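Chain residues, written in single-letter form:
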Amino acid sequence: MKHEYQAAMERVKMPPECEARILAALEHDPVKHKKTHIRTVIAIAAAVFLLVSSTVAVSYQTGVLNTFFKGNSSVLEPYIQYPDSVSNGDYRLSVNGALYDGNNFYAVLIVEGLNEQAIEDLKSNQVIAQSHLDFWGQDMVDRLLASGGSGPDTFHLLNASGISTRELSPPDEASRAWRISGNFMEAPEKTESIGLWLDFIGRDYIVNIPIDNIITPITLYPEQSDCIEVTIYATSVKAVFLASGMDSEMLQAFSVVLEDGSILTQDDLGLRMNDGTYDPLTMRYECNYLFDVPIDPARITTVSINGIEVAVS
């Protein structure tokens, strides 16, 4: 919360006429116009407060938790990262909160134009479209200019097996914002970081997000089941099945029992398929499911997978 507030305050710009009124009020005789000064300062303070409140509200609305999850997500708050922004002189890339659960990554990105031309090119999508010219050709440039989309090569999440993006409402007139998520079928080491960069800003301007602070997942090995391994993270489930081929419905029934006795079904969690890989040599299918509602794995006492119950030791 503190980081979001500070980031919002940095984007507050007092209008010139507002600043002029404050200076003019201070130059008048303090005794003769005491009541007038008080009214003026109060009015100006109220206006500035509304401006700040509006900006902070935008920041909250585009935070990583509100953007990706439903319900009570307070369990994730201590694990949100706010890395330093990077700039190439024309654009500033900021991360308005990033989260890694050991399997999946989530972040909200804000790109701010730092001069009039950069702002115009960002808002018109010119800078994004032109960055696709060399590899994709003019046809892709024309399509991106017409659609305003981000294209296939704008966002890069190093070593991710797949990424997904969606544009959000812009924080202000000089910026655009996106949500980005990615899956790591092979989790990076905790000593590493997740590198994030945008093609039109440049490969040299990487935001590195630390991943050494995550909620500890739990791993179970069900018996008498085609599911031979399941790992439950705070926002996702990774399950390994023995299968003769790819099947998008491998995890057909899933629920957990918490330490207080309450039961969360797959509908309660908003469980949904994200992606998966099949290895024909081992005949194993590894699939990744996401939660809409986050959970603390440490609170789980029993897991039910396709009708097979497994106790958490």
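Residues numbered from 1 in each chain as written. Predicted model: local features only at pLDDT ≥ 70, side-chain atom pairs only at ≥ 80, totals over all residues. Heavy atoms only, no water.

1. Some details on the confidence of the model for the chain
Here is the rule we go by: One number per residue, pLDDT, summarises how confident the predictor is, and it ranges from 0 to 100. Contacts between residues were defined by any pair of non-hydrogen atoms, one from each residue, lying within 4.5 Å.
For the chain, per-residue confidence averages 81 on the pLDDT scale, and 77% of positions sit at 70 or higher. Here residues 1-19 is a poorly scored stretch, pLDDT under 50, and it has 29 contacts once near neighbours within four places are set aside; other chains count. Confidence drops under pLDDT 50 across residues 25-60; counting only partners more than four residues distant or on other chains, this segment forms 30 contacts.

2. Some thoughts on the environment of S181
Put simply, the rule is: The secondary structure listing takes helices from DSSP runs of H or I that are at least 4 residues long and strands from runs of E that are at least 2 residues long, numbered from the N terminus. Working definition: with a 1.4 Å probe on protein chains only, accessible area under 20% of the residue-type maximum means buried, over 50% means exposed, and in between means partly exposed.
The topology assignment puts S181 in strand 6 (residues 175-183). Take S181: its relative accessible area is 16%, and that puts it in the buried class. When the C-alpha positions of S181 and V108 are compared, they lie 8.9 Å apart, and in sequence the two are 73 residues distant.

3. Brief notes about unusual backbone geometry
Here the phi dihedral of N159 falls at roughly 70°; this positive angle occurs in a residue that is not glycine. Within the element layout of this structure, N159 appears in the loop between strand 4 (155-157) and strand 5 (162-168). Positive phi, close to 50°, is recorded for N306, a residue that is not glycine. With respect to the element layout, N306 can be found in the loop between strand 16 (300-305) and strand 17 (308-311).

4. Focus on helix 8 (residues 138-147)
Note the following rule: By definition, the arc is the one covered by directions from the helix axis to the C-beta atoms.
Within the span of helix 8, buried status applies to M140, V141 and L144. For helix 8, the angular spread of the buried residues around the axis is 105°, confining them to a single face. Opposite the buried face of helix 8, at more than 90 degrees from it, the exposed residues are D139 and A146. Those residues of helix 8 that are buried lie in contact with helix 6 (126-130) and helix 7 (133-136). Once helix 8 finishes, G148 follows within two positions and takes phi at roughly 80°, a positive value.

5. Some thoughts on empty space enclosed by the protein
What counts, and what does not: Points on a 1 Å grid over protein atoms alone make up a cavity when a 1.4 Å probe fits among them but cannot get out, and a pocket when they form an open set with protein on both sides within 12 Å along at least five of seven lines; lining residues each have an atom within 4 Å of a point. Grid points are joined across faces, edges and corners, and a volume is the space filled by probe spheres set on the points. Polar here means any residue other than Ala, Val, Leu, Ile, Met, Phe, Trp, Tyr, Cys and Pro, which are nonpolar, and Asp, Glu, Lys and Arg, which are charged; Gly is therefore polar.
Considering all chains together, one arrives at one cavity of 30 Å³ or more under this definition. Size it by volume and the largest cavity reaches roughly 30 Å³. Of all elements in the fold, only strand 2 (91-100) and strand 8 (207-210) reach the threshold of two or more residues within the lining of the largest cavity. In the lining of the largest cavity, the residues fall into six nonpolar, two polar and no charged.

6. Focus: the packing of aromatic side chains
Operational definition: When two rings of Phe, Tyr or Trp (its six-membered ring) have centres within 6.5 Å they constitute a pair, described as stacked for plane angles under 30 degrees, edge-to-face for angles over 60, and tilted for the intermediate range.
Here the structure, examined in full by the defined rule, presents eight aromatic pairs. Measuring from ring centre to ring centre gives 5.3 Å for F135 and W136, while their planes differ by 75°; the resulting arrangement is edge-to-face. A relative accessible area of 37% places W136 in the partly exposed class.

7. Focus: the pairing of strand 14 (residues 272-279)
For the record, the criterion: Criterion used throughout: strands pair if DSSP finds at least two bridges between them.
Sheet analysis places strand 14 next to strand 15 (residues 284-290), joined by seven bridges and oriented antiparallel. Across the sheet, the residue bridging to Y278 is Y285, located in strand 15. The hairpin formed by strand 14 and strand 15 contains four residues between the paired strands, and M283 there has a positive phi angle of roughly 55°.

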